[in-house]
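Okay, here's what each chain looks like letter by letter:
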Amino acid sequence: MKKNRIRQFPSRFKHICLMSTPWPLFKRPSIQLGSLKSFLNNELKDTRVDAACIYLNVAHATGYDVYQAISKRTWPAESVYAALLYPERFDAIEQFFRKKMHRNQVLASVDFRELVQQAKDATDAAIKQINWHDIGLVGFSVCLCQLTSSLYAVRQIKKISPDIITLFGGSTISNPFCRSYLDVFQDIDVIVNGEGELPLLRLLTHLEKYGSIETAHTIDGVVTRGLSPKLAHVFFQLPHLERLATPDYGDYFKILGTFPPDKQFFPTLPVESSRGCWWQGAAIEKRTKGCAFCNLNLQWSGYRQRASASVVHDINVLTERHQTLSMAFMDNVLPAKASEKLFSELGRLNRDLKMFAEIRASTSLKTLAKMHSAGMIEVQVGIEALSTKLLNKMCKGTTAIQNMAIMKNCEALGIQNVSNLMLHFPGSDEADVTETLQNLDFAMSFRPLKPVNFWLGLGSPVWQNPRQFHIKSISNHPHYHTLFPEHVTKNVQFSIQAYRGDQLRQRKLWKPVEKKIHTWNRFYADLQRQPSAGPILSYQDGGRFLIIRQRRRNTDPLQHRLTGTSREIYLYCSDIRSIRSIKLRFPELPGDKLMLFLKMMIGKGLMFEEKGRFLSLAVRV
Ligand code: SF4
């Protein structure tokens, strides 16, 4: 029987298609597809791998503004293709979409039915362009907001080519319960749990040999209906990342090249310097599991990073190949120690790069400055809270004063800091909120943080230890019940979870913080609107004296002059300093005088203090 299959099918698996469906950011090629394609092309020289970023076709069809607005919101994004998957639920889904989007500037006036039709037409057309009868396997990278669109696309492909082997993988699917997707979605044949490179490589070799997935569950990381659900969590990942080649984004650029000139743009190219999270890795040894709310690393085991030379090589090759200079690091968090070396080497490329990355608040000014001089213009810092007590509950391993320092350093260097402040974290209390409100007064001169409400991620430490966070019960998020029929929601454990706990109390508790962030936004925007705005709190150093300028709304700035030792102390506290180190540095100054000065600075909002550690807040102009 097997021998017949070998004769019948072998060449089909010499041609495979990797697919990414809406709604990833349309201005970026998919790194998942680009990396996998390069890897497979390197390992299987005679196999053709197509990388179909069909989200770009859909973005073109819906209009970039509409696509972008949808891609920023998980539930509206999942609604569009849910309406196609389950037409009998159309009205309920449409109502849900409208409710979610009625205040959205771009989407409030969008006709949902028309939008669904546009998405359908563009997806169907992109699928029809591919000759499926030549292709043995199609693999979907399913990350945030891509579940329903992938389910729709796989259904359409199976209609055209019923024998094709269909595979789902990616961060939405990778979790200990991934086997349940096979139970309810008959169009999916195989799931890859964890990183895709090695399982897919082994699977293709297996298919070449046997022509079917019957025994493919013997490959680690490959989950089929033949595998016991209990064994679905075994990973098979690259021991180190040096086997990764430069991502191949050629197919994405081919699609872009077919658009009319006024729809062309310069994409941002994703690169990766690590997989996993070093903070989570370090924390595991201490028997906690990284940040309590985080489930970003379910598809990796441990932390791996690439040599800086390989990353620089990728950036060099990609910018040359595609003649664009905008890059985004896709690392969950940039490597701690290696970043300085990496960005020094990148600086030597002598390219006017524009880069984005996610970093931890503990990143030093020296490293941040290296990043900036290499072209880092925007960062998302893992700030999350401005209360150290709350940061401890979140297992962030950082403090409010560290967060204040990195916000200041971004402001000083002119790096856009697009970070979040998490509200409603379960178990947070009055003291956390009070501390946040007090510290917000000192943060007003820096770019405002974006308030985001806590959500429960499947597999996160909070999800694993609910009682510790006052959580009584956990279930799928109720919105899934609007999008999917009961037999699906009953059997699949989705990546976004709901819980019964202290939500009501949290919503009340955090109201004043929400209000204050609103004021902060207005304050910052008003002052930045002024001509030649510059930093809100800044200083000029005159050598033996220092002038601090504190800009205010609707009135002249306050100016403060510091001379002699006062100037020196202020400059010394540009980095976080303990009272002990300040005393050691200025032994001639009596302790009471020093404290008086520091308290005066804090009273004027020019310095921040936390548990005997001090930080000057003004940035040098
Ligand atoms: S939030 Fe960031 S730093 Fe924290 S565990 Fe997740 S990836 Fe790591």
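Here the structure is a predicted model, which means the values were calculated and not measured.

A. Looking closely at the overall build of the protein chain. Counting its secondary structure elements, the protein chain contains 25 helices and 25 strands. On C-alpha atoms alone, the protein chain measures out to a radius of gyration of 26 Å, which is about the 25 Å that the 2.2 N^0.38 rule sets for 621 residues. Referenced to the eigenvectors of the C-alpha coordinate spread, the extents of the protein chain come out at roughly 90 × 55 × 50 Å.

B. Looking closely at the environment of Glu411. In this structure, Glu411 sits in helix α17 (residues 400–413). On the basis of neighbour count, Glu411 is assigned to the buried category, with 21 C-beta atoms found within 10 Å. Non-local contacts of Glu411, meaning those with residues more than four positions away in its chain, are made with Phe446, Arg447, Pro535 and Val619.

C. Structural view of helix α13 (residues 308–322). Counted at 1.5 Å a residue, the expected span for α13 with its 15 residues is 21 Å, and the 21 Å between its end C-alpha atoms agrees. Where α13 is concerned, the buried positions are Val311, Val312, Asp314, Ile315 and Leu318. Looking straight down α13, one finds its buried side chains confined to an arc of 155°; they lie on one side. In α13, the exposed positions that point more than 90 degrees away from the buried face belong to Ala309 and Glu320. The inward-facing, buried residues of α13 abut β7 (269–271), β10 (326–329) and α14 (339–347). Once α13 finishes, Gln323 follows within two positions and takes phi at roughly 50°, a positive value.

D. Layout of unusual backbone geometry. Here the residue pair Pro22 and Trp23 is connected by a cis peptide bond, since its omega of 25° sits within 30 degrees of zero. Considering the arrangement of structural elements, one finds Trp23 in the loop between β1 (15–20) and α2 (31–43). Of note in this structure, Gln323 is not a glycine but carries a positive phi near 50°. The backbone phi angle of Glu384 is positive, close to 65°, even though this residue is not glycine.

E. Region of the structure containing the sheet that holds strand β23 (residues 607–610). One open sheet holds the three strands; their spatial order is β22-β24-β23, and the pairing between them is antiparallel. Strand pairing shows two members of the sheet lacking a second neighbour, β22 (577–578) and β23, which therefore form its edges. Pairing of β22 with strand β24 (residues 613–616), which is carried by two bridges, proceeds in the antiparallel orientation. Across the sheet, the residue bridging to Arg577 is Phe614, located in β24.

F. Quick look at the environment of Leu296. When you line up the elements, Leu296 lands in the loop between α12 (278–285) and β9 (304–305). Given 19 C-beta atoms within a 10 Å radius, Leu296 is considered partly exposed. Separated by 35 residues in the primary sequence, Leu296 and Asp331 place their C-alpha atoms 10 Å from one another.

G. Spatial organisation of the site of the ligand. Close to the ligand lie Cys277, Trp279, Gln280, Gly290, Cys291, Cys294, Leu296, Asn332, Val333, Arg360 and Gly382. Counted by class, the shell around the ligand contains six nonpolar, four polar and one charged residues.

H. Region of interest: the packing of helix α3 (residues 54–62) against helix α7 (residues 112–128). Contact geometry for α3 and α7: axes closest at 9 Å, N-to-C directions at 140°. As summarised for this structure, α3 and α7 are arranged oblique, according to the angle between their axes. You can see that α3 and α7 cross each other, and the crossing is right-handed. Of the residues in α7, those touching α3 at Ile54, Asn57, Val58, Ala61 and Thr62 are Leu115, Gln118, Ala119, Asp121, Ala122, Thr123 and Ala126.

I. Spatial organisation of the pairing of strand β19 (residues 537–541). Pairing analysis gives five bridges linking β19 to strand β20 (residues 545–552), with the strands arranged antiparallel. Among the inter-strand pairings, Ser538 is bridged to a residue of β20, identified as Arg549. Count of turn residues in the β19/β20 antiparallel hairpin: three residues, of which Gly543 carries a positive phi of about 95°. Bridge count for β19 against strand β25 (residues 619–620) is two bridges, and the pairing is parallel. The residue bridging Tyr539 from the neighbouring strand is Arg620, located in β25.

J. Broad picture of the sheet that holds strand β18 (residues 496–500). Spatially, β16-β18-β17 is the arrangement adopted by the three strands of the open sheet, whose pairing is antiparallel. In the strand order of this sheet, the two ends are held by β16 (456–457) and β17 (473–476), each with one partner. Looking at chain direction, β16 and β18 are connected through two bridges and run antiparallel. Each bridged residue has a counterpart across the sheet, and for Gly457 the counterpart in β18 is Ile496.

K. Here's a closer look at the domain arrangement of the protein chain. Segmentation of the protein chain into domains returns domain 1 (2–70 + 123–231), domain 2 (266–471 + 500–529) and domain 3 (537–620). Put simply, the middle of domain 1 and the middle of domain 2, counted by C-alpha atoms, are 31 Å apart. At the interface, nine residues of domain 1 touch twelve residues of domain 2. Here the side of domain 1 that touches domain 2 is built from residues that sort into two nonpolar, four polar and three charged.

L. Here's a closer look at the confidence of the model for the protein chain. Summing up the model confidence of the protein chain, the mean pLDDT is 94 and the portion of residues at 70 or higher is 97%. A low-confidence stretch, residues 1–9 (pLDDT under 50), is modelled with nine contacts involving residues beyond four sequence positions or located in other chains.

M. Representation of the nonpolar core within the structure. Among the nonpolar cores identified, the biggest contains 174 residues, and Leu137, Val190, Ile191, Phe293, Met404 and Leu615 are the most heavily contacted of them. Here this core gets eight residues from one element, more than from any other, and that element is α17.

N. Summary view of α7. Under the 1.5 Å per step criterion, the end-to-end length of α7 is 24 Å for 17 residues, consistent within 8% with the ideal 24 Å. Inspection of α7 places Phe112, Leu115, Val116, Gln118, Ala119, Ala122, Thr123, Ala126 and Ile127 among the buried residues, and these make up the whole buried set. In a view along the axis of α7, the buried residues occupy a sector of 160°, so they form one face of it. Seen from the open side of α7, the exposed residues pointing more than 90 degrees away from its buried face are Arg113, Glu114 and Lys128.

O. Spatial organisation of the packing of α2 against helix α10 (residues 197–210). Closest axis-to-axis distance for the α2/α10 pair is 10 Å, and the angle between their directions is 45°. Between α2 and α10, the crossing angle belongs to the class labelled oblique. For the pair α2 and α10, the sense of crossing is right-handed. Where α2 abuts α10, its residues Leu36, Phe39, Leu40 and Glu43 lie against Glu197, Leu200 and Leu201.

Rules and cut-offs
- Residues numbered from 1 in each chain as written.
- Predicted model: local features only at pLDDT ≥ 70, side-chain atom pairs only at ≥ 80, totals over all residues.
- Helix = DSSP H or I, 4+ residues; strand = E, 2+ residues; numbered from the N terminus.
- Rg over C-alpha atoms; globule rule 2.2 N^0.38 Å.
- Buried ≥ 20, exposed ≤ 12 C-beta atoms within 10 Å, placed from the backbone.
- Contact = placed C-beta atoms within 7 Å.
- Expected span 1.5 Å × (residues − 1).
- Arc of directions from axis to C-beta.
- Pairing = 2+ DSSP bridges.
- Near = placed C-beta within 6 Å.
- Nonpolar A, V, L, I, M, F, W, Y, C, P; charged D, E, K, R; others polar.
- Axes fitted to C-alpha atoms, helices over the stretch in contact; angles between N-to-C directions.
- Parallel < 35°, antiparallel > 145°, perpendicular 65-115°, else oblique.
- Left-handed = near helix turned anticlockwise from the far one by under 90°.
- Domains from an automatic or database assignment.
- pLDDT = per-residue confidence, 0-100.
- Core = buried A, V, L, I, M, F, W, Y, C linked by C-beta atoms within 7 Å.

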